[in-house]
Amino acid sequence: MNKRNFTLIEMVVAMAVMVVVAMIIGTASATFYNAYMRSARSINRLETCLAIDRIFDSLIRNAIPFKWVDDENASRFVFEGNNDSLLFTALRRTYGKDSGAILFVRLLLEDEQLIAEYSNSPILPWSEENEQGIEREVIAKNIAAITFEYAEFDEEEGIEWLEVWEEDEHEALPLAIRMTVEWTDGRKEYWLRRLAGIAKDSTFGQRQQTSTDSLSGRQGRNSSGGGR
């Protein structure tokens, strides 16, 4: 029985075909991998944005003017609005075994992470004695900087945005809070929500008006329970 060996040309052609097939498989694999990574990044970005939305929709939107007595026996808001951090009190839904309907929250940036701290007891901005029992949650990662701004109504200028909310200069909480997030990849995104109990320019009947008519209307609402 005669055996026929491959010629050099046949071997070269076979190797060329194998190389082409390998290139096609490699290109397809690289394309699939790149598409998968883009999809994963998009999903991760979406989940991160949804996590921040959850904080703004469920907590910041429900921020309320809650007061506590400080060391000098003065009644002050449990609220601290800095340019790079935020401490506030929020109403939340309660269920059978929940501790209560009021939650104290602090948002801050730490190690390129947006951190949310929660407590059922007041987190007092003027004291550190109640810093125990605080739960921490990582909301978002890869953040270069966060910036908070606070909306106030001025009768001459209209709505103005303040970098710091000084309690001594205001008689209520801000009308709205805006947070700017600068990501480590250079992106910049914004979140904005009005606070609970905000009417056109008031919170729970506590914001003063210079107009006699609006003041008398406000007093009438206060006498009937001081709603929104």
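Residues numbered from 1 in each chain as written. Predicted model: local features only at pLDDT ≥ 70, side-chain atom pairs only at ≥ 80, totals over all residues. Heavy atoms only, no water.

## Details of the pattern of salt bridges
Argument step 1. Scanning the entire structure with this criterion turns up 12 salt bridges.
Argument step 2. Its salt-bridge partner being R193, residue D53 comes within 3.8 Å of it at the nearest N-O pair. Highlighted residues: D53 in helix 1 (residues 8-58) and R193 in strand 11 (residues 188-194), separated in sequence by 140 residues.
Argument step 3. A salt bridge links E167 to R76, with the nearest nitrogen and oxygen atoms 3.9 Å apart. (Salt bridge = Lys/Arg side-chain N within 4 Å of Asp/Glu carboxyl O. Helix = DSSP H or I, 4+ residues; strand = E, 2+ residues; numbered from the N terminus.)

## Concerning the sheet that holds strand 8 (residues 143-154)
Argument step 1. Strands sit in the order 9-8-10-11 across an open sheet of four strands; the sheet is antiparallel. This sheet does not close on itself; its edge strands, each paired only once, are strand 9 (158-162) and strand 11. With strand direction ignored, the average angle separating the axes of adjacent strands in the sheet is 25°.
Argument step 2. With seven bridges joining them, strand 8 and strand 10 (residues 176-183) adopt antiparallel strand pairing. The partner of F148 across the bridge, within strand 10, is M179. (Pairing = 2+ DSSP bridges. Axes fitted to C-alpha atoms, helices over the stretch in contact; angles between N-to-C directions.)

## Observations regarding unusual backbone geometry
Argument step 1. Here the phi dihedral of N73 falls at roughly 65°; this positive angle occurs in a residue that is not glycine.
Argument step 2. Of note, N73 is situated in the loop between strand 1 (67-69) and strand 2 (75-77).
Argument step 3. For N73, a relative accessible area of 65% puts it in the exposed group.
Argument step 4. A positive phi angle, near 55°, is found at D111, a position not held by glycine.
Argument step 5. Positionally, D111 belongs in the loop between strand 5 (102-110) and strand 6 (113-119).
Argument step 6. Using a relative accessible area of 69% as the deciding quantity, one classes D111 as exposed. (Buried < 20%, exposed > 50% of the residue type's maximum accessible area, 1.4 Å probe, protein only.)

## Regarding the packing of aromatic side chains
Argument step 1. One pass over the structure, following the stated rule, counts three aromatic pairs.
Argument step 2. Judged by centre distance (6.1 Å) and plane angle (25°), the ring pair of F66 and W68 falls under stacked.
Argument step 3. With centroids separated by 5.4 Å and ring planes inclined at 75°, the aromatic side chains of F66 and F104 adopt a geometry described as edge-to-face. With F66 in the loop between helix 1 and strand 1 and F104 in strand 5, this pair connects stretches of sequence that are 38 residues apart. With respect to burial, F66 and F104 carry one shared label: buried.
Argument step 4. One aromatic cluster is present, built from ring pairs that chain together F66, W68 and F104.
Argument step 5. The lysine or arginine in question, K67, covers the ring of F77, its NZ or CZ lying 4.8 Å from the ring centre.
Argument step 6. The lysine or arginine in question, R178, covers the ring of W161, its NZ or CZ lying 4.1 Å from the ring centre. (Phe/Tyr/Trp six-rings, centres within 6.5 Å; stacked < 30°, edge-to-face > 60°. Lys NZ or Arg CZ within 6 Å of the ring centre and 35° of its normal.)

## Brief notes about the side chain of R193
Argument step 1. With relative accessibility at 14%, the residue R193 sits in the buried group.
Argument step 2. At 2.6 Å, the side chain of R193 forms a polar contact with the side chain of D57.
Argument step 3. Non-local contacts of R193, meaning those with residues more than four positions away in its chain, are made with D53, F56, D57, I60, R61, A176 and I177. (Polar contact = N/O pair within 3.5 Å; in protein donor to acceptor, adjacent residues only side chain to side chain. Contact = heavy atoms within 4.5 Å.)

## With respect to a nonpolar patch on the surface
Argument step 1. Taken together, the side chains of I9, V13, V17, V21 and I25 define a hydrophobic patch exposed on the protein surface, amounting to about 460 Å² of accessible area.
Argument step 2. Residue position: V13 is located in helix 1. (Patch = residues over 30% accessible without salt bridge, like charges linked within 9 Å, V, L, I, M, F, W, Y side chains within 5 Å. Areas by Shrake-Rupley, 256 points an atom, 1.4 Å probe, with all protein chains shown as cover.)

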